[in-house]
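The residues making up each chain are set out below.
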Amino acid sequence: MKEFSVAMALVDFIPVLLFAAAAVILQRKLYREMSKGAFALFAAGTIDIICAGALKALYKLLYALGVCDFTALGQMFFPVQSIGFLLAGLGMLALVTHSQGRRTLALAAPPVFSGTFVFVGLMVAGLGMMSAGLSVLAAKRSQKKLIVWFAVSFICSLCMGYLSSRDFTKASMNWIAEAVNVVGQGALLLGAKNLSADQG
């Protein structure tokens, strides 16, 4: 039996909003620096992540309010979010490792698999590339202190991966996950907000 309260469901929207704000800030700051292909990957990935998080939070809210148990909203979370992180990570990796002309970056979207382990792997890979890319940009712009925020965000996301393997039917595990997620997305937002735009 799931233990979702209305308060928990509403709190679940907070990390989604924090990530959405960070994503918009990064998209605006990095748009002129990225090739069309790299930006398309990054933008599509972050939009996927936002949609996945919002739908998962909506699922919890509908369940907590007793409206319905729309399990499809919860089940799609891992596939959509993990592929989103992978795409965003590939876009960030392209930015920091390849010359960013206006050519299109040809990368295929990964196929959809079944199984939580695969999605956790995709998510960790994407998060790693995204956090590493942002850290490289911060170092290049003499803002090495921001690396701490990106590292905290990455570590919290790794913790979320671990927590996803725990028993989420318990309210206590959900509250722990909510707290870790809010801290992680808040750290990402702080780093993104303070990252200077390219002056070149």
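Residues numbered from 1 in each chain as written. Predicted model: local features only at pLDDT ≥ 70, side-chain atom pairs only at ≥ 80, totals over all residues. Heavy atoms only, no water.

> Give me the lowdown on the environment of Gly191, citing residues and values where you can.
Here Gly191 lies in helix 8 (residues 171-194). Placed 57 residues apart in sequence, Gly191 and Leu134 show a C-alpha to C-alpha distance of 8.7 Å. Residues contacting Gly191, with those up to four places away along its chain left out, are Leu146, Trp149 and Phe150. (Helix = DSSP H or I, 4+ residues; strand = E, 2+ residues; numbered from the N terminus. Contact = heavy atoms within 4.5 Å.)

> Explain the environment of Leu41 residue by residue, including any values.
Note that Leu41 resides in helix 3 (residues 36-64). Overall, Leu41 belongs to the buried group, its relative accessible area being 10%. Along the primary structure Leu41 and Phe85 are separated by 44 residues, whereas in three dimensions their C-alpha atoms are 9.8 Å apart. (Buried < 20%, exposed > 50% of the residue type's maximum accessible area, 1.4 Å probe, protein only.)

> Outline the pattern of salt bridges, supporting the account with residue identities and numerical values.
On inspection of all chains with the given rule, the structure shows three salt bridges. With a shortest N-O distance of 3.8 Å, Asp12 and Lys60 are connected by a salt bridge. Of this pair, Asp12 sits in the loop between helix 1 (6-11) and helix 2 (13-30) while Lys60 sits in helix 3; the two residues are 48 residues apart in sequence, bridging distant segments of the chain. In this structure, Asp12 and Lys60 share a single accessibility class: buried. In this structure, Glu178 engages Lys60 in a salt bridge whose closest nitrogen and oxygen atoms are separated by 3.1 Å. Highlighted residues: Glu178 in helix 8 and Lys60 in helix 3, separated in sequence by 118 residues. Using a relative accessible area of 3% as the deciding quantity, one classes Glu178 as buried. Take Lys60: its relative accessible area is 5%, and that puts it in the buried class. (Salt bridge = Lys/Arg side-chain N within 4 Å of Asp/Glu carboxyl O.)

Shape is all these values report; function is a separate question.
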